[in-house]
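The chain contents come next:
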Amino acid sequence: AAGLTLNLFMKNGDRMQMAGLAQAVNVIQSLFLTNSSSGGMDLVKTPTFYLFKMYLPHHTGGAKLAPTTLTSQRISGNNQMFNVVSATATKNDAGQVNVSLVNVDLTATRDVTITIDGPATRYALAAAQVITGPAKDSFNDFGQAEQVNLQTLAATSYQLCGRKLKVTLPSKSVVMFRLDPR
């Protein structure tokens, strides 16, 4: 949900002047949880923390929204139809392209092909990251190994050739690519 929301905010930046978290700790969709029984000394990084960390390149280095066109399959849920994939792209002052993709399908992978229209004839991969968990309601808890965090996306999940990037998105995931112009 956080990935969809941030993509929506970026795509509508011409109409939104500012967006932010109401509270960053101990609320639904917060960045951190603290344990009051330990006097607040125990801290858990939530999946939302990792998403905000992942999306940093969209907001640094003079990044500007890059135009995107997305054709996505639609799925149904709660008697509504919606896109199964969400995407946002930015380009920073160094020409680096940042592409974030959200797959809301809880069970199936989704294949996406991205064509980058820009001055560079080819791009090199700077980073490929993914956030997902073993179940749709996975979370990080006190005294337990993290269930959801920022990972490197397996190289078998994507192929970059020139300006074309083919990706297999894991189910229930957010993926971010950083591409350097060559």
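Computed from a prediction, not measured in an experiment: that's the story for all the values here. (Residues numbered from 1 in each chain as written. Predicted model: local features only at pLDDT ≥ 70, side-chain atom pairs only at ≥ 80, totals over all residues. Heavy atoms only, no water.)

Chemist: What's the story with the sheet that holds strand β11 (residues 158-161) in this structure? I'm lost.
Modeler: In spatial order, the strands read β8-β12-β11; together these three strands make up an open sheet with antiparallel pairing. Each having just a single partner strand, β8 (110-115) and β11 make up the two edges of the open sheet. Across the sheet, the mean angle separating the axes of adjacent strands is 10 degrees when strand polarity is ignored. Sheet analysis places β11 next to strand β12 (residues 164-169), joined by four bridges and oriented antiparallel. From the neighbouring strand, L160 faces β12, where its bridge partner is L165. (Pairing = 2+ DSSP bridges. Helix = DSSP H or I, 4+ residues; strand = E, 2+ residues; numbered from the N terminus. Axes fitted to C-alpha atoms, helices over the stretch in contact; angles between N-to-C directions.)

Chemist: Mind showing me how you'd approach the pairing of strand β7 (residues 97-103) here?
Modeler: For a regular strand, the rule is simple: side chains alternate between the two faces of the sheet. Counting buried residues along β7, seven of its seven residues qualify, which places the element largely inside the surrounding structure. Relative to β7, strand β6 (residues 85-91) runs antiparallel, the two being bridged by seven bridges. If you follow S86 over to β7, its bridge partner there is V102. Joining the antiparallel neighbours β6 and β7 is a turn of five residues, in which G95 adopts a positive phi near 90 degrees. Two elements, β7 and strand β13 (residues 173-181), share seven bridges in a ladder whose sense is antiparallel. The residue bridging V102 from the neighbouring strand is V174, located in β13. (Buried < 20%, exposed > 50% of the residue type's maximum accessible area, 1.4 Å probe, protein only.)

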